[in-house]
Amino acid sequence: MELPDDMITEVLRRLPPRSLAACRRVCRSWRAVVDDRRLLREDLLPLSLAGIFLNLHDLYPTQFFSCPSATGPAVSGNVDYTRRRSSLPDGHMPSINITDHCNGLVLVNNCVTNPATRRWERLPRRHPRHVARTAAARFNAVHEHLVFDPAVSPGGYEVFLIPHVAPRERDRRRRRRDDEFYPTSDESEWPPSPFFLSVFSSETRQWEGRRFVRDGPPAGTVASMRLHHASEVGRGVYWRGSLYIHCQTNFVMRISLSSDKYQVIGPPLSFDVCRYKEFHLGRSEKGVYFALLSSNQLRIWFLEESCGQMGWVLKLDNNLMPILPHFINVKLSDDGPWSLQDIDYCEDPNEDDDARSQTVQAAYYDWDFDNSANSIDIQDNSVQGSHRGFGFLGFHPFKEVVFLHYSLERGLAYNMNSFKVQDLGNLCPKDYGFDTEPYVESFFPYTPCWMEVFPEEQT
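The protein chain is annotated in an unreviewed UniProt entry as F-box domain-containing protein from Oryza sativa subsp. indica.

## A closer look at the confidence of the model for the protein chain
Taken as a whole, the protein chain shows an average pLDDT of 78; of its residues, 71% reach a score of 70 or greater. Across residues 86-91, confidence stays below pLDDT 50; counting only partners more than four residues off in sequence or on other chains, it has seven contacts. Between residues 132-138, whose pLDDT stays under 50, and residues either more than four places distant or in other chains, the model counts 28 contacts.

## Details of the nonpolar core
L298, I300, F392, V402, F403 and Y414 are the most contacted members of the largest nonpolar core, which has 39 residues in total. Those elements that place two or more of their residues in this core are β1 (51-56), β18 (287-294), β19 (297-306), β23 (390-395), β24 (401-406), β25 (410-415), β26 (421-426) and β27 (440-446). Sort the elements by how many residues they give to this core and β24 lands first, with five residues. In this structure, L146, V147, V159 and W207 belong to the second largest nonpolar core, which totals 38 residues.

## Concerning the pattern of salt bridges
Overall, the coordinates contain ten salt bridges when judged by the stated rule. Among the ionic pairs, D260 bridges to R210, the shortest N-O distance being 2.6 Å. Of the two residues, D260 is situated in the loop between β15 (252-256) and β16 (261-265) and R210 in strand β11 (residues 206-214); the sequence distance between them amounts to 50 residues. For D423, the salt bridge identified is with R410, shortest N-O distance 3.0 Å. Here the residue D423 occupies a position in strand β26, and R410 occupies one in strand β25, the gap between them amounting to 13 residues. Comparing D423 with R410 shows no difference in burial state: the two are buried. Members of the salt-bridge network, linked through shared partners, are E158, R210 and D260.

## Considerations on the sheet that holds strand β17 (residues 279-284)
Read from one edge to the other, the open sheet built from four strands follows the order β17-β18-β19-β20, with strand pairing classed as antiparallel. The open sheet has two edge strands with one neighbour each: β17 and β20 (309-319). Each strand axis lies, on average, 25° off the axis of its neighbour in the sheet, ignoring direction. The sheet contact formed by β19 and β20 spans ten bridges and is antiparallel. What sits directly across from E304, in β20, is G311.

## Notes on the layout of surface pockets
The volume enclosed by the second largest pocket comes to roughly 580 Å³. Of all the secondary-structure elements, those providing two or more residues to the lining of the second largest pocket are α3 (28-36), β13 (236-239) and β17. Each of domain 1 (5-40) and domain 2 (45-82 + 94-167 + 184-319 + 440-446) gives at least three residues to the lining of the second largest pocket.

## Here we look at empty space enclosed by the protein
All told, the structure shown has one cavity of 30 Å³ or more when counted by the stated rule. There is about 250 Å³ of room inside the largest cavity. Lining the largest cavity are 21 residues; nearest its centre among them are H101, R235, V237, R283 and P445.

How each quantity is defined
Residues numbered from 1 in each chain as written. Predicted model: local features only at pLDDT ≥ 70, side-chain atom pairs only at ≥ 80, totals over all residues. Heavy atoms only, no water. pLDDT = per-residue confidence, 0-100. Contact = heavy atoms within 4.5 Å. Core = buried A, V, L, I, M, F, W, Y, C linked by side-chain atoms within 4.5 Å. Buried < 20%, exposed > 50% of the residue type's maximum accessible area, 1.4 Å probe, protein only. Helix = DSSP H or I, 4+ residues; strand = E, 2+ residues; numbered from the N terminus. Salt bridge = Lys/Arg side-chain N within 4 Å of Asp/Glu carboxyl O. Pairing = 2+ DSSP bridges. Axes fitted to C-alpha atoms, helices over the stretch in contact; angles between N-to-C directions. 1 Å grid on protein atoms, 1.4 Å probe; cavity = no way out; pocket = protein on both sides within 12 Å on 5 of 7 lines; lining within 4 Å. Points joined across faces, edges and corners; volume = space filled by probe spheres on them. Domains from an automatic or database assignment.

Dropping the structure here:
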């Protein structure tokens, strides 16, 4: 005898979010009840933007360019609690460097943490055979990618290790013998099929080797991958059950987590055109996007997926030079709606974490490009020339807006539809750039998740 939906609803609504999402996976009828009755609290899901984590060259820790909010608590970008509790044996403290983000969780110091709840857990040591299967013995560039979908599995996440082809000189030093998992000749296809990846599952608490079969042609050969250095790629995006990885020669690998298959998606431009260009992969309102910012010319494509076919569709191709006059005389000290949090890791380690979090102030920011006092209207896209340039900082995950910076001094929000710009404020840390070349190495737009992901408090 089946219970009526109303009775099931009354039972499920009494469960905490973690258990409720687990019940959602029991069967289709329960999932329909949870979704149709909106039992999962949207205020706990990562549906808002709190800021952007920035890894700047030769500067630690990771910086946090904070977006104020009127809809939820302020979030601190300070994740030094993982460092204090994971000190090295010799007493030295590891630097804080966030390496990936997905739906509210971040990877840092071989830990997965939730900055919103300040809960975390350490990843276990990888077994040697799984290290071999990720080609760490042959391909020295291995990037970590976090997968977390709180609407599907709030207590479960995965970490993927994706290998990339090493430069020839490093390959010669590291390769000692052929192996059964990866191609060893320059003429071999890349990525291989099957593709063996090492994956950590929070549900099993283990690293496991998983086998993914390619659906379609490869991206090229091992030799062709060497033409594009692996340090210039590696950004991952999770979207609707698939993990998209920006790979060498600017192809994108789409890994289906449900079917254990992957596909190769070619770049929007030919290899000769984009070989020395820096592309940026990200997620925005319509799904997966690709951006190219070169000589202050911004081009953006979105990935159209229909009937099993995938291709890049050009969204915009605009010159950013008309924005330049608005920033020539802007001072670094000038305030904006966003702020760079002053993350001081030399503070008293006994200071209460909650007390530090409360020092982060929130204010309202409505993304009104038409009425904001910080909005800049671009009327002319024909201006040519060169000057101190613009850099890319990521996509807004829920709006067709991209984030830029002007010479690492001011943060900008650029509307892909109206082509209007908002000045977000100063994002350059004090005294940064005096003794090093200043540039952004990586960035992660951060969407806080207020669910309790980790079962127990770390000690």
